[in-house]
Amino acid sequence: MHPGCYTALVTPFTRDGSALDQKGLEKLVEFQIAGGITGILAVGTTGESPTLEWDEHNAVVDGIARLTKNRCMCIAGTGSNNTQEASDATEHAMRQGVQAILLVDPYYNGPSSLEIRREYVAPIARRFPDLTIIPYVIPGRTGTQLLPEDLALAYQAHPNVCAVKEATADLDNMRRTRTCCGPDFFIFSGDDAMTHAMITDPGIAAAGVISVVSNIAPGPVTRMVKTLVAGDHAGAAPLLKALEPLFDLVTVKTKEHTACGEVICRARNPLGIKTLMQILGMPSGPCRPPMGKMTRAGLESVMAVARKVWTESPEIFQPISEFFGVDISERLDNPQYREGLTYTDY
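Our subject in this report is the structure included herewith. (Residues numbered from 1 in each chain as written. Predicted model: local features only at pLDDT ≥ 70, side-chain atom pairs only at ≥ 80, totals over all residues. Heavy atoms only, no water.)

Scanning the protein from terminus to terminus reveals 14 helices and ten strands. In terms of C-alpha radius of gyration, the protein reaches 19 Å, essentially the compact-globule figure of 20 Å for 346 residues. Each principal axis of the C-alpha atoms in the protein carries an extent, and together these give about 55 × 45 × 45 Å. Residue burial in the protein is summarised as follows: out of 346 residues, 55% are buried. A separation of at least 24 residues holds for 70% of the contacts in the protein among residues at least 6 apart in sequence. (Helix = DSSP H or I, 4+ residues; strand = E, 2+ residues; numbered from the N terminus. Rg over C-alpha atoms; globule rule 2.2 N^0.38 Å. Buried < 20%, exposed > 50% of the residue type's maximum accessible area, 1.4 Å probe, protein only. Contact = heavy atoms within 4.5 Å.)

Checked against the element boundaries, Pro-50 lands in the loop between β2 (39–42) and α2 (54–68). For Pro-50, a relative accessible area of 70% puts it in the exposed group. The spacing of Pro-50 and Ala-217 is 167 residues in sequence and 25 Å in space, taken between C-alpha atoms.

To continue, consider the sheet that holds strand β8 (residues 208–211). Hydrogen bonds along the backbone pair up the strands of a sheet, which may run parallel or antiparallel. If you walk around this closed barrel you meet the eight strands as β1-β2-β3-β4-β5-β6-β7-β8, and the pairing is parallel. Mean inter-strand twist for the sheet, computed between neighbouring axes without regard to direction, equals 25°. Here strand β1 (residues 4–8) runs beside β2; their pairing, made up of three bridges, is parallel. When the sheet's bridge partners are listed, Thr-7 is paired in β2 with Ile-40. (Pairing = 2+ DSSP bridges. Axes fitted to C-alpha atoms, helices over the stretch in contact; angles between N-to-C directions.)

Let us now look at unusual backbone geometry. Residue Pro-270 is bonded to the preceding Asn-269 through a cis peptide linkage, with omega at 10°. The topology assignment puts Pro-270 in the loop between β10 (261–268) and α11 (271–280). For the bond from Pro-289 to Pro-290, the omega torsion is 15°, close enough to zero to count as cis. Tracing the backbone through its elements, the reader meets Pro-290 in the loop between α11 and α12 (296–312). A positive phi angle, near 70°, is found at Tyr-108, a position not held by glycine. Position of Tyr-108 among the secondary structure elements: in the loop between β4 (100–104) and α4 (113–127). Among the residues examined, Tyr-108 registers a relative accessible area of 80% and is labelled exposed.

With that settled, the discussion passes to a positive patch on the surface. A grouping of Arg-141, Lys-253, Lys-255 and Arg-266 is seen on the molecular surface, where their side chains present a positively charged patch. Structurally, Arg-266 is set in strand β10. (Patch = residues over 30% accessible without salt bridge, like charges linked within 9 Å, V, L, I, M, F, W, Y side chains within 5 Å. Areas by Shrake-Rupley, 256 points an atom, 1.4 Å probe, with all protein chains shown as cover. Salt bridge = Lys/Arg side-chain N within 4 Å of Asp/Glu carboxyl O. Lys, Arg positive; Asp, Glu negative; His and termini not counted. Charge placed at Lys NZ, Arg CZ, Asp CG, Glu CD.)

The next thing to look at is the packing of aromatic side chains. Under the counting rule described, the total for this entry stands at seven aromatic pairs. Measuring from ring centre to ring centre gives 5.4 Å for Tyr-6 and Phe-188, while their planes differ by 85°; the resulting arrangement is edge-to-face. Taken together, the positions of Tyr-6 in strand β1 and Phe-188 in strand β7 (residues 186–189) put the pair 182 residues apart, joining distant regions of the chain. Overall, the relative accessible area of 0% leaves Phe-188 in the buried class. Between Phe-186 and Phe-188, the ring centres sit 6.1 Å apart and the planes meet at 10°, which makes this aromatic pair stacked. Like Phe-188, Phe-186 is buried. Ring-pair connections join several aromatic residues into one group, and the members of that group are Tyr-6, Phe-186 and Phe-188. It is Lys-165 that lies over the ring of Tyr-136; its NZ or CZ is 4.1 Å from the centre. (Phe/Tyr/Trp six-rings, centres within 6.5 Å; stacked < 30°, edge-to-face > 60°. Lys NZ or Arg CZ within 6 Å of the ring centre and 35° of its normal.)

Bridge count between strand β9 (residues 251–258) and β10: eight bridges; the pairing is antiparallel. Residue pairing across strands places Val-252 opposite Ala-267, the latter belonging to β10. Where β9 folds back on β10, the antiparallel hairpin that results is connected by two residues.

Further remarks concern the pattern of salt bridges. Counted by the stated rule, this structure contains eleven salt bridges. Where Glu-30 meets Arg-71, a salt bridge forms, and the shortest distance between an N and an O atom there is 2.8 Å. Of this pair, Glu-30 sits in helix α1 (residues 22–34) while Arg-71 sits in the loop between α2 and β3 (73–77); the two residues are 41 residues apart in sequence, bridging distant segments of the chain. Relative accessible area serves as the criterion here: at 26%, Glu-30 is assigned to the partly exposed category. Taking relative accessible area as the criterion, Arg-71 reaches 44% and is therefore assigned partly exposed. A salt bridge links Lys-274 to Glu-48; the shortest N-O distance between them is 2.7 Å.

By themselves, these observations are geometric and do not establish any function.
Pasting the structure below:
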């Protein structure tokens, strides 16, 4: 592993969501590499791994591994709540030449941290000693958690378990990970909005981020991370300020008024980022059910962020304009690009 920014790449679909957009995937990978990204994660949560058939899952891994070979690092999401299934997916990814795999904590069946270590991480690390194994700790989605102590024990027993994608939103947990795992272990932010705090906190000393926002802005996010990791906090400040509005797209939270009263709607990743990508003219397609569309208020939030970034920091979106041949102003102003992106009622 290397410090830096790794993009959790969205999986682009055809307009009706029924099939992979293979040409779109190639364009997205080339855009990331042109932006100087450190590496690309195939089929993570942002890549809608829960709704991909296994042949689609493997096709995305195959495509990204092929396109990134000798150009940037490729990480394959192979995690599951079934150890054998995760092991089989890891074998496939290894045969395609990926350098690392991401293992999300087993969701729904909820094993203990001890069980995650002994019955999930360790067997895969032992079977694939030449792959970097990156546990992905995100209890808000999985309902379980690999604890720092068990992560450290896995690292001691299997040196290829040398990194973690940390998405607990708990800085104390991250500091405990650093204490348990030592100075050479790689901690990556799994939350764009926390990347600055995680890198600059000496008790965490994160090595970078596995980013959602870099789907839109690979170059700026990569430069920000590299500047922070180098210790130039002042130099990173302008980039952080320009990018911060985009962090709100990872989860778009709105108050909605229904016939039965007010409710809170949380449009979770990747809905916000894919909605903006469609508006800006990037390959994306819709999210697959059970994820769906934005509410009208949610879309207004996305548009407000996009217009703020374009007005105050146009350099963030300029590479999109140049690479995909689109007029950003026209796409933000023309309502035709927003048609069909929302539910007509709650």
